[in-house]
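What the coordinates show
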Amino acid sequence: MGKALIIGAGGVASVAIHKCCQNSEAFDAICIASRTKSKCDALKAKLDGGKTKITTAQVDADNVNELVALIEKEKPDVVLNLALPYQDLSIMDACLATKTNYVDTANYEPPDTAHFEYKWQWAYRDRFKDAGITALLGSGFDPGVTGVFSAYALKHQFDEINYIDILDCNGGDHGYPFATNFNPEINIREVSAKGSYWENGKWVYTEPMEIKRVYDFDQVGPKDMYLLHHEEIESLALNIPGIKRIRFFMTFGQSYLTHLKCLENVGMTSIEPIDFEGKKIIPLQFLKAVLPDPASLGPRTVGKTNIGCIFQGKKDGKDKTYYLYNVCDHQECYKEVGSQAISYTTGVPAMIGAMLVMNGIWKGPGVFNIEEFDPDPFMDALNKWGLPWQENFAPKLVD
Ligand code: NDP
């Protein structure tokens, strides 16, 4: 039993909060704190009355002193950071100052450069170790479950894994010509960046959307996928011995890509501030303001996600290929927690990571990526808390 301080009250946080309340045996109390307190209060109003005691607070997570004061007041066993990647370091600083465990779902990204890397958070390793506390980085789906799947495959299915292809397939349809499934600013920064993958000990770079594959997915059907840079590649390259190549592919429909290209061409995806009517504005932040809020997609999104990893390697001296994946239905998620499957597939692992750190099943001290811990308790919890996994033949490469 313990208490979590959850920072952020957006799409992912909403699911994680619903799941903490379902899991009141582990979470006897939560505090929901975010920039806009009314969003925290709305979640409390919806979920109050169960066994998990809920409090709310306003906090600017860029401000370490405010965070420290909040942590000292609430005394949580773990801080679950579900704000934006820009806040990772300030929240880690506040956890260090108060000796509180830390969990997040996305690695730090400086606001003025569209570039994410673990180096900033890995630089906290010694300080977390010396403070005797644990930081768990990347406890969403990807990164998150994909790292747990990799650790599980290595522990139970292979003697050596040589190739990992992470396939993030969203077969959902929200009916809009263009919308993003999670925070539009973060999403567009990610997909308009150059692609990259890890091969033979070094990064290979591609132009954005240069490499395309078509895979035929169980329960979804054939889908266009594009190679992207993704954060778990960086940690898996270090933590999976014998690895030769790791790639990440994500589905994008033609309408999404056409709109994105047009928005890029007119400068709307830029993060360089411009002068507008006497004020500085960032085009991408303005674009975010006019796009549908990802939280509003829940009722209108139909279809399924199929996200998993194709592993290739050796078992008992023989070549082996193995696919480990989860299928999640957008409408089922909406019925259960009022959110679409992208928020659901991130919020459930966020709750599980916070639970395992909070109850000491996963403990450091230090700063850890998810594949560094024993995958078995996480895999059991996925089956229990709404993201059951399946093993099968790899999806067929159609094109
Ligand atoms: P949203 O934009 O829906 O929610 C972000 C929340 O953080 C909002 O409530 C926002 O407040 C709050 N926030 C932002 N800045 C601050 C601040 N300075 N102080 C306090 N609160 C702040 O994002 P999502 O829920 O879609 O995404 C949350 C996180 O999950 C992101 O880091 C994203 O990258 C990550 N993610 C990870 C995935 C994975 O699989 N690993 C997949 C999808 C997302 P306000 O309401 O005022 O704007």
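Just above, that's the structure.
In what follows, the accompanying structure is described. Just so we're clear, the structure is a prediction, and the values are computed from it rather than from any experiment.

1. Concerning the layout of surface pockets
- If you add up the space inside the second largest pocket, you get close to 250 Å³.
- In this structure, the second largest pocket is lined by 13 residues; those nearest its centre are H115, F116, S196, Y205 and H229.
- If you list the elements that add at least two residues to the lining of the second largest pocket, you get β8 (195-199) and β9 (202-206).

2. Remarks on the site of the ligand
- Among the 28 residues in the neighbourhood of the ligand, the closest are listed as R35, T36, K39, A61 and N183.
- Here T105 contributes a backbone N or O atom positioned 2.9 Å from a nitrogen atom of the ligand.
- At 2.7 Å from an oxygen atom of the ligand is found a side-chain nitrogen or oxygen belonging to N183.
- Along the lines of polarity and charge, the residues of the shell around the ligand split into 13 nonpolar, 10 polar and 5 charged.

3. A short note on the pairing of strand β1 (residues 2-7)
- Of all 6 residues that make up β1, 6 are buried, and the element is covered over most of its length.
- Looking at chain direction, β1 and strand β2 (residues 27-34) are connected through 6 bridges and run parallel. Across the sheet, K3 pairs through a bridge with A29, a residue of β2.
- Each parallel crossover has a hand, and for β1 linked through helix α1 (residues 11-22) to β2 it is right-handed.
- As paired strands, β1 and strand β4 (residues 78-81) are joined by 4 bridges and run parallel to one another. Note on β4: the bridge partner recorded for I6 is L80.

4. Let's talk about the pattern of salt bridges
- On inspection of all chains with the given rule, the structure shows 18 salt bridges.
- In the salt-bridge network here, residues are joined through shared partners; they are K3, K73 and E74.

5. Notes on the state of the cysteines
- Throughout the structure, instances matching the rule amount to 0 disulfides.
- No disulfide involves C40; its sulfur sits 7.8 Å from the nearest other cysteine sulfur, which is in C31.
- Not part of a disulfide, C309 finds its nearest cysteine sulfur in C169, a span of 13 Å.
- Look at C309 and you get buried, because its relative accessible area is 0%.

6. Describing the packing of aromatic side chains
- According to the stated counting rule, one finds 17 aromatic pairs in the structure shown.
- Ring centres of Y118 and W122 lie 5.2 Å apart, and the angle between their planes is 20°; this geometry places the pair in the stacked category.
- Owing to a relative accessible area of 15%, W122 belongs among the buried residues under this scheme.
- Aromatic pair W362 and F378: ring centres 5.5 Å apart, planes at 20°, arrangement stacked. Residue W362 is located in the loop between α13 (341-358) and β17 (366-369), and its partner F378 is located in helix α14 (residues 376-384); the two are separated by 16 residues in the primary sequence. Judged on exposure class, the residue W362 and its partner F378 are both buried.
- Within the aromatic cluster, the residues linked to one another by ring pairs are F178, Y226, F252 and Y256.
- Above the face of the Y124 ring, R127 is positioned so that its terminal group lies 4.2 Å from the ring centre.

7. Points about the packing of helix α8 (residues 184-191) against helix α11 (residues 283-290)
- It is the contact of α8 with α11, at a shortest axis distance of 9 Å, that shows an interaxial angle of 125°. The orientation of α8 with respect to α11, classified from their angle, is oblique. You can see that α8 and α11 cross each other, and the crossing is right-handed. Between α8, through P184, E185, I188 and R189, and α11, the contact on the second element is made entirely by L284, Q285, L287 and K288.
- Residue composition of the contact of α8 with α11, grouped by class: 4 nonpolar, 1 polar and 3 charged.

8. Remarks on the packing of α1 against helix α2 (residues 37-47)
- Contact geometry of α1 with α2 gives a least axis separation of 11 Å together with a crossing angle of 35°. Of the two elements, α1 crosses α2, and the hand of that crossing is right-handed. Between α1 and α2, the residues in contact are S14, I17, H18 and C21 and L43, K46 and L47, respectively.
- For the contact of α1 with α2, the per-class residue count stands at 4 nonpolar, 2 polar and 1 charged.

Rules of the game
- Residues numbered from 1 in each chain as written.
- Predicted model: local features only at pLDDT ≥ 70, side-chain atom pairs only at ≥ 80, totals over all residues.
- Heavy atoms only, no water.
- 1 Å grid on protein atoms, 1.4 Å probe; cavity = no way out; pocket = protein on both sides within 12 Å on 5 of 7 lines; lining within 4 Å.
- Points joined across faces, edges and corners; volume = space filled by probe spheres on them.
- Helix = DSSP H or I, 4+ residues; strand = E, 2+ residues; numbered from the N terminus.
- Near = heavy atom within 4 Å.
- Polar contact = N/O pair within 3.5 Å; in protein donor to acceptor, adjacent residues only side chain to side chain.
- Nonpolar A, V, L, I, M, F, W, Y, C, P; charged D, E, K, R; others polar.
- Buried < 20%, exposed > 50% of the residue type's maximum accessible area, 1.4 Å probe, protein only.
- Pairing = 2+ DSSP bridges.
- Right-handed = clockwise from strand over helix to strand, strands pointing away.
- Salt bridge = Lys/Arg side-chain N within 4 Å of Asp/Glu carboxyl O.
- Disulfide = S-S within 2.5 Å.
- Phe/Tyr/Trp six-rings, centres within 6.5 Å; stacked < 30°, edge-to-face > 60°.
- Lys NZ or Arg CZ within 6 Å of the ring centre and 35° of its normal.
- Axes fitted to C-alpha atoms, helices over the stretch in contact; angles between N-to-C directions.
- Parallel < 35°, antiparallel > 145°, perpendicular 65-115°, else oblique.
- Left-handed = near helix turned anticlockwise from the far one by under 90°.
- Contact = heavy atoms within 4.5 Å.

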